[in-house]
Structure formats: structure tokens, C-alpha cells
Amino acid sequence: MKVESVIFIINNLISKRQYGNARDLIKKEWTRITEPLNFSMLNSEAKEFVKVIAKEQEIADFILLSDKDKRILNMLNEAVREVKLPYARKLFFEHKELFQLVHSQKWLTEDARFMCFAWGKNA
């Protein structure tokens, strides 16, 4: 596919807020998208999105976790935030190894980290 077509599709996806599809296409066409001439053809939102993806790729912690792991961590954060502690505790004990990883701790909110620490001590 021509790079102009790819850029048009990315701009269109970003304007429709279809970030998952845009992320997949950007990662697939990363070398062509990040060339200065091609990068300048992206709209401002798409440029910012590419910059976010680039920053994520620099951070090793982001790469170390799978999408499933990130989803589980976010579910625990949400359960603690909404004070659904029995569900949050169940998640913690089902995935105890995940919550003990150092790079997983960075994904947890302060309250979720505290709850995990407490559950870990009581176990």
C-alpha cells in the first residue's frame, strides 16, 4: 500500500477515535510513518498519537506486560476504586505472581498497591 494511503487511513482512524486500529497500522508501518516527510503529512492528533507510541516503546515496562496482564491490572485498579474489594481480592489471589512483579506495580494505583500489600501480608 502506498504511504499516502496509509497516512490517510491513520488520519481517518484517529479522527473517528479508533485508536486500537490506528495503533496496529502505525506499528505495522512504523519505519515509513516515522520518516520526516511522511510524518509531516499526519494530522496533529495522529502526530501526537505516534509520539505516545514512540514513548511507550522506549519504556521497557510497557513491553514486559501483555495486553491480558494490563487488562487484569486495570480491572484490579477499577475494583479497588469502586470498593469492590471481594472481587479485587479474588483477582489478586488468582494472579498473585503478576501483582508481585516490579513492573506491574507501576501500573497499579496507590490504593491498589496498598491493598495488594495488605493481602500479601495476610496470605
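Residues numbered from 1 in each chain as written. Predicted model: local features only at pLDDT ≥ 70, side-chain atom pairs only at ≥ 80, totals over all residues. Heavy atoms only, no water.

A. Looking closely at the packing of helix 1 (residues 3-15) against helix 5 (residues 44-58). Running from N to C, helix 1 and helix 5 point in directions that differ by 95°, and their axes come no closer than 9 Å. It follows that helix 1 is roughly perpendicular to helix 5 by the angle criterion. Residues Ile10, Asn11, Ile14 and Ser15 of helix 1 touch helix 5, and the partners they reach there are Glu45, Ala46 and Phe49. Grouping the constituent residues of the contact of helix 1 with helix 5 by class yields 4 nonpolar, 2 polar and 1 charged. (Axes fitted to C-alpha atoms, helices over the stretch in contact; angles between N-to-C directions. Helix = DSSP H or I, 4+ residues; strand = E, 2+ residues; numbered from the N terminus. Parallel < 35°, antiparallel > 145°, perpendicular 65-115°, else oblique. Contact = heavy atoms within 4.5 Å. Nonpolar A, V, L, I, M, F, W, Y, C, P; charged D, E, K, R; others polar.)

B. Structural context of the packing of aromatic side chains. Per the stated rule, a full pass over the model turns up 4 aromatic pairs. Arranged with centres 5.1 Å apart and planes meeting at 75°, the rings of Phe92 and Phe93 form a pair that is edge-to-face. Under the relative-accessibility criterion, Phe93 is labelled partly exposed at 33%. Seen in terms of ring centroids, Phe92 and Trp119 are 5.7 Å apart; in terms of plane orientation they differ by 45°. Their pairing is tilted. Taken as a pair, Phe92 in helix 8 (residues 85-94) and Trp119 in helix 11 (residues 110-122) lie far apart in primary sequence, 27 residues in all. The exposure class assigned to Phe92 is buried, which follows from its relative accessible area of 3%. Members of the aromatic cluster, connected to one another through ring pairs, are Phe92, Phe93, Phe99 and Trp119. (Phe/Tyr/Trp six-rings, centres within 6.5 Å; stacked < 30°, edge-to-face > 60°. Buried < 20%, exposed > 50% of the residue type's maximum accessible area, 1.4 Å probe, protein only.)

C. Main features of the nonpolar core. Within the largest apolar cluster, 16 residues are counted, with the highest numbers of intra-cluster contacts made by Leu76, Phe99 and Leu108. Elements with a contribution of two residues or more to this core: helix 7 (67-81), helix 8, helix 9 (96-100) and helix 11. Of the residues forming this core, the biggest block, 5 residues, is contributed by helix 7. Core analysis: the next-biggest nonpolar cluster, separate from the first, contains 15 residues, Ile7, Ile14, Leu42 and Val50 among them. (Core = buried A, V, L, I, M, F, W, Y, C linked by side-chain atoms within 4.5 Å.)

D. Here's a closer look at the environment of Leu76. Relative to the assigned elements, Leu76 resides in helix 7. Among the residues examined, Leu76 registers a relative accessible area of 0% and is labelled buried. With 21 residues separating them along the chain, Leu76 and Lys55 place their C-alpha atoms 25 Å apart. Not counting residues up to four positions away in its chain, the partners in contact with Leu76 are Ala88, Leu91, Phe92, Phe99, Leu108, Ala112, Cys116 and Trp119.

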